[in-house]
Amino acid sequence: MIKIGIVGCAGRMGLMLVREVLDGADIELIGGTERPGADAVGRDLAEVAGRPASGVVVGIDAKTLFRQADVVIDFTSPAATVEHAGLAAETRTAHVVGTTGMDPTLTAALGDHAARAPIVVAPNYSIGVNLLTALVTQVARTLDPSYDIEIVEMHHRHKVDAPSGTALGLGRAAAEGRGVALDTVWKKSRDGITGERPAGEIGFATLRGGDVVGDHTVIFAAEGERLELAHRASSRQVFAKGAIRAARWVAGRPPGLYSMADVLGLTLR
Ligand code: NAD
């Protein structure tokens, strides 16, 4: 049995993860934490997720959770995730990170902690999106720069970061296919008199509304034709299932920073 802990266990993704772990035959839910003061603290973790009581209570002590678990799954906030990665390094526990909106400093800190613990980081744990990402690299490599690359994403109204981590990941994949660094060619939003679109730019457009789980379209537009690759998630469950797959894969691995492409063995890149 792989012992799983979930930080941020009463969040939208946390609750989904709790249910997935409870349903897994080879994985065991050994604990979960929340922010001090959160309603779920002190309550039965399974009950919070709408399941019969499991005897595991929601706590606030992440360090103990990291000590006891084989793998800790983390869909919280950027600041909390970096703190958690520090605990992963200290206790040498595998860490599966789904949190998005990490700035470069926080991402670098995560990389440092990965010297002492195996850490999987993915802006999107859906299998379909990870296949899309690999395809985008291939298409960008094949098409010449006369094809303008634009990435459109839509998410529910509660999302706090933009463009989505997945959209940026797709941009990175396209840039990699073109042999350039994304931050030298990206245009994260447009407003006002922007002037003509420069060749080689990778543009982003963000839509927010309702309960959209996550839509991403990558457009390659040239004079005379347009290729669109799209993915639509209709349930958050795909992210939870992907994160559990990553948890099974990373348990017992050597320290290092891993991606979902590593977990899935995607060699399309
Ligand atoms: P949410 O706000 O519903 O859940 C976050 C939870 O983390 C909350 O319950 C909050 O109380 C808890 N939390 C915050 N700080 C904490 C701390 N220090 N210790 C313990 N718990 C803490 O948000 P959500 O919709 O579940 O999304 C969480 C993150 O996951 C976001 O960054 C989101 O963009 C990302 N996300 C990633 C994927 C993916 O596939 N990688 C999919 C969906 C969401």
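This write-up is about the structure you can find in this document. (Residues numbered from 1 in each chain as written. Predicted model: local features only at pLDDT ≥ 70, side-chain atom pairs only at ≥ 80, totals over all residues. Heavy atoms only, no water.)

Right, let's talk about the sheet that holds strand E12 (residues 256-258) for a bit. Sheet strands line up and pair through hydrogen bonds in the backbone, either parallel or antiparallel. Strand order in the open sheet made by the seven strands is E3-E2-E1-E4-E5-E6-E12, with parallel pairing throughout. Edge positions in the sheet fall to strand E3 (58-59) and E12, since each has one partner strand and no second. Relative to strand E2 (residues 27-33), strand E1 (residues 2-7) runs parallel, the two sharing six bridges. Bridge pairing in E2 places Lys3 opposite Glu28. Across the face of the sheet, helix H4 (residues 78-91) comes into contact with E1, strand E4 (71-74), strand E5 (94-97) and strand E6 (118-121) while running at roughly 160° to E5. (Pairing = 2+ DSSP bridges. Helix = DSSP H or I, 4+ residues; strand = E, 2+ residues; numbered from the N terminus. Contact = heavy atoms within 4.5 Å. Axes fitted to C-alpha atoms, helices over the stretch in contact; angles between N-to-C directions.)

What follows is about the side chain of Thr217. Among the structural elements, Thr217 can be located in strand E10 (residues 214-222). Residue classification places Thr217 among the buried residues on the basis of a relative accessible area of 13%. Sequence-distant contacts of Thr217, defined by excluding residues within four places in its chain, comprise Glu150, Ile151, Val152, Glu228, Leu229, Ala230 and Arg232. (Buried < 20%, exposed > 50% of the residue type's maximum accessible area, 1.4 Å probe, protein only.)

Next up on the list: helix H1 (residues 12-23). When the terminal C-alpha atoms of H1 are compared, their 17 Å separation across 12 residues agrees well with the 16 Å that a helix rising 1.5 Å per residue should span. Those residues of H1 that sit buried are Met13, Gly14, Leu15, Met16, Leu17, Val18, Glu20 and Val21. Elements that come into contact with the buried residues of H1 comprise E1, E2, helix H2 (45-48), E4 and helix H9 (237-250). (Expected span 1.5 Å × (residues − 1).)

So, about the site of the ligand. Neighbouring the ligand are 22 residues; Arg12, Met13, Glu34, Thr100 and Tyr125 lie closest to it. Separating an oxygen atom of the ligand from a backbone N or O atom of Met13 is a distance of 2.8 Å. Here a nitrogen atom of the ligand and a backbone polar atom of Ala122 are 3.1 Å apart. For the ligand, whose free accessible area comes to 870 Å², the fraction covered by protein is 80%. For the shell around the ligand, the secondary structure elements donating two or more residues are H1 and H4. Looking at the shell around the ligand residue by residue, the classes come out as eight nonpolar, nine polar and five charged. (Near = heavy atom within 4 Å. Polar contact = N/O pair within 3.5 Å; in protein donor to acceptor, adjacent residues only side chain to side chain. Areas by Shrake-Rupley, 256 points an atom, 1.4 Å probe, with all protein chains shown as cover. Nonpolar A, V, L, I, M, F, W, Y, C, P; charged D, E, K, R; others polar.)

Here we come to unusual backbone geometry. Each neighbour pair has its own omega, and for Ala162 with Pro163 the value is -10°, a cis peptide bond. Assignment of secondary structure puts Pro163 in the loop between strand E7 (148-155) and helix H7 (165-178). With phi around 55°, Arg92 is a residue other than glycine that occupies positive phi space. Mapping Arg92 onto the fold places it in the loop between H4 and E5.

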